[in-house]
Amino acid sequence: MYRQRRHPVESPVESNPLKTDRSFALLSEPKIAKLGRRVYGFNLPAAISCPGATDVCLSCCFALAGHFRRPSVAAATARNLRRTKTTKFVPDMRNELSCTQPAVVRIHIGGDFYDAAYTRKWSAIIRSRGQTQFFAYTRSWRVP
């Protein structure tokens with residue numbers, strides 16, 4: 001079950017939608033038992049957010065099949081993509097990280113760094129969270 005810790009300077013519960021409704025959450029809840037309860041993920045829609053994807057990459061992409069095809073998952077990844085393009089993405093992600101206190105965040109279980117501005121946003125988020133480890137796999141380095 002999803003549990004959150006109250007951040008010391010956080011606003012009251014009523015004003016923080018993460019406290020009552022996970023539909024506002026950016027991070028996916030930990031679901032893989034072998035990774036632990038404090039390992040979260042961040043997803044974008046595969047293919048449309050993958051500028052470095054090759055034909056081979058797309059033909060075997062696990063994020064284009066299985067549970068990623070569920071309507072609720074597809075809606076969440078599309079929502080995440082829209083939110084990454086706003087100026088609120090960095091502060092919203094920082095707030096969520098403060099609430100959830102993850103040990104590790106896997107960036108892009110599905111999706112990729114789609115442009116330089118988006119990559120800079122993640123850089124700012126990572127710099128602000130020294131106690132959290134982040135990792136990401138990318139093929140976008142191939143994009144000129």
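Residues numbered from 1 in each chain as written. Predicted model: local features only at pLDDT ≥ 70, side-chain atom pairs only at ≥ 80, totals over all residues. Heavy atoms only, no water.

J.: So what exactly am I meant to see when it comes to helix α4 (residues 116–127) here?
T.: Since one α-helical turn is 3.6 residues long, residues separated by three or four positions face the same way. End to end, α4 covers 16 Å across twelve residues, agreeing with the expected 16 Å (1.5 Å per residue, within 8%). Turning to α4, its buried residues are Y118, K121, W122, A124 and I125. Down the axis of α4, the sector holding all buried residues measures 155°, keeping them to one side. Exposed side of α4, more than 90 degrees from the buried face: R120 and R127 are the residues found there. (Helix = DSSP H or I, 4+ residues; strand = E, 2+ residues; numbered from the N terminus. Expected span 1.5 Å × (residues − 1). Buried < 20%, exposed > 50% of the residue type's maximum accessible area, 1.4 Å probe, protein only. Arc of directions from axis to C-beta.)

J.: I keep staring at the confidence of the model for the protein chain and nothing clicks. Help me out?
T.: When pLDDT is low, close inspection of the predicted coordinates is not appropriate. Overall, the prediction assigns the protein chain a mean pLDDT of 80, with 74% of residues at 70 or greater. By mean pLDDT, strand β1 (residues 27–28) is the weakest element of the protein chain at 76, and α4 is the strongest at 95. Taken as a whole, residues 1–17 scores under 50 in pLDDT and shows 31 contacts with residues more than four places along the chain or in a different chain. (pLDDT = per-residue confidence, 0-100. Contact = heavy atoms within 4.5 Å.)

J.: I keep staring at unusual backbone geometry and nothing clicks. Help me out?
T.: Excluding glycine, a negative phi dihedral is what most residues carry, and trans is how most peptide bonds are arranged. You will see that A47, though not glycine, has its phi angle at about 75°, which is positive. Mapped onto the fold, A47 is located in the loop between β2 (39–42) and α1 (55–59). Given a relative accessible area of 32%, A47 falls into the partly exposed group. You will see that Q101, though not glycine, has its phi angle at about 50°, which is positive. Counting through the fold element by element, Q101 comes out in the loop between α3 (89–100) and β3 (104–107).

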